[in-house]
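# Geometric and topological summary
One letter stands for each residue in the lines below.
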Amino acid sequence: KDMQTFLLFSSSAVDSGTYYIGHRNPIRLDAVAYRYKNLTAEQMSPTKRYDYKARDGLAIEAYLTLPKKSSGKKLPTIIFPHGGPISRDDDSFDYWTQYLADKGYAVLQMNFRGSSGQGLEFRNAGLKNWGMEMQDDIEDGARKLIADEIADEKSICILGASYGGYAALMGSVKTPDFYKCAVSVAGVSNVFDLVKDNRAFWSSYNVVDEQIGNDNKHLKEISPVNFAEKIKIPVLLIHGDDDRQVPVKHSIQMRDALLNAGKNVTYLELPNEDHYLSNNENRVATFKAIDQFLDKYLPVKQ
């Protein structure tokens, strides 16, 4: 009540999160709790800005994390687009990124057009753009890493969750010879179904139509599930059976389409799991599955 004591939370790429009790008089900060106490700064890899230009000249803000003690050249690489898609990545702590860097991968996160935090015009550039320039922005980041000799062009995997999972699947459809493997966690595979399931038929205005589109033919053309025969690379699908944002049927449909096309697909369904890997056991199971998949299809040379 006397306004002399406060709680402070601090984090960074190499600080998973520390809580402090602050005192005003005398001025003092005391660390009292940690989000991941066993993850020390010495274990983690710094993240730096790595901006580039998309093929049409649009400036793309991106963040690059390199494995510690690596040469920084010709590395096996994970392209890691964010979910949303109206969201953004930055240089704060990200347990996915740190896990991948610890395994020995370079990790690129990019704020493709349609991401938030860079103004209305940039955000609106992603409207009705799924699978098109938004997808090109992701690929262009990977190509910039190759041009700068950071990524090994023969050892690039695309991995993502939610919209990022969609981007992983769509990337394997649009550029079947570019990526070595793809991982989709709670990813959209059937854009037609996603839009149809989220339309409010009692309203003349549907925000999902504005965000993604309402041309049924086009929605089917940007749905990876309809183009399983084009995919040449191994695919890992992971999905919670209680996901309300992107129902599990998206990964089931994608699995079945890939199996029917004779493709290499691994499927993991998480029991009683939502869209966010909220259950600790399922989160561990997810990372074990990713670990085994990457070790098999994108091994890091020691």
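Every value quoted in this text rests on a predicted model; they were computed, and no experiment measured them. (Residues numbered from 1 in each chain as written. Predicted model: local features only at pLDDT ≥ 70, side-chain atom pairs only at ≥ 80, totals over all residues. Heavy atoms only, no water.)

### Comments concerning the pattern of salt bridges
A side chain with one charge can pair with a side chain of the opposite charge if their charged atoms come near. Note the cut-off: Here, a salt bridge means any Lys or Arg side-chain nitrogen found within 4 Å of an Asp or Glu carboxyl oxygen. Only DSSP runs of H or I with at least four residues qualify as helices, and only runs of E with at least two residues qualify as strands; both kinds are numbered from the N terminus onward. Residue exposure (1.4 Å probe, protein chains only): buried if accessible area is under 20% of the type maximum, exposed if over 50%, otherwise partly exposed.
Scanning the model with the defined rule gives 20 salt bridges in all. Close ionic contact of D56 with R113 constitutes a salt bridge, the shortest N to O distance being 2.9 Å. Linking D56 in the loop between β5 (52-53) and β6 (59-65) with R113 in the loop between β8 (106-111) and α2 (120-124), this pair joins segments that are 57 residues apart in sequence. Where K249 meets D197, a salt bridge forms, and the shortest distance between an N and an O atom there is 2.8 Å. A residue pair is termed long-range when its members are at least 10 positions apart, and K249 in helix α8 (residues 249-260) and D197 in helix α5 (residues 191-198) qualify at 52 residues. On the accessibility criterion, K249 (28% relative accessible area) is partly exposed. Under the relative-accessibility criterion, D197 is labelled partly exposed at 38%. Through salt bridges with shared partners, a single ionic network connects R55, D136, E139, D140, R143 and K174.

### A word on the packing of aromatic side chains
Each aromatic ring pair is described using two quantities: the centre-to-centre distance and the angle formed by the ring planes. Rules: Put simply, two rings from Phe, Tyr or Trp (the six-membered ring, in Trp's case) pair if the centres are within 6.5 Å, and we call them stacked under 30 degrees between planes, edge-to-face over 60, tilted for the rest.
Applying the stated rule across the entire model yields 13 aromatic pairs. A ring pair is formed by Y163 and Y166, whose centres lie 5.5 Å apart and whose planes are at 40°; its orientation type is tilted. Taken together, the residues Y163 and Y166, both in helix α4 (residues 163-174) and 3 residues apart, mark about one turn of the helix. Since its relative accessible area comes to 1%, Y163 is described here as buried. Overall, Y166 belongs to the buried group, its relative accessible area being 0%. With 5.0 Å between their ring centres and 55° between their planes, F293 and Y297 make a pair best called tilted. One end of the pair, F293, and the other, Y297, are both in helix α9 (residues 280-297), 4 residues apart, so they sit about a helical turn from each other. Owing to a relative accessible area of 4%, F293 belongs among the buried residues under this scheme.

### Side note on the sheet that holds strand β3 (residues 27-34)
Note the following rule: At least two bridges found by DSSP between two strands are what make those strands a pair. Fitted lines through C-alpha atoms serve as axes, helices being fitted only where they are in contact, and the angles separating the N-to-C directions of these axes extend from 0 to 180 degrees.
One open sheet holds the 3 strands; their spatial order is β1-β2-β3, and the pairing between them is antiparallel. Both edges of this open sheet fall to β1 (5-12) and β3, since each of them pairs with a single strand only. Mean inter-strand twist for the sheet, computed between neighbouring axes without regard to direction, equals 30°. Examined bridge by bridge, β1 and strand β2 (residues 15-24) share 7 bridges and lie antiparallel to one another.

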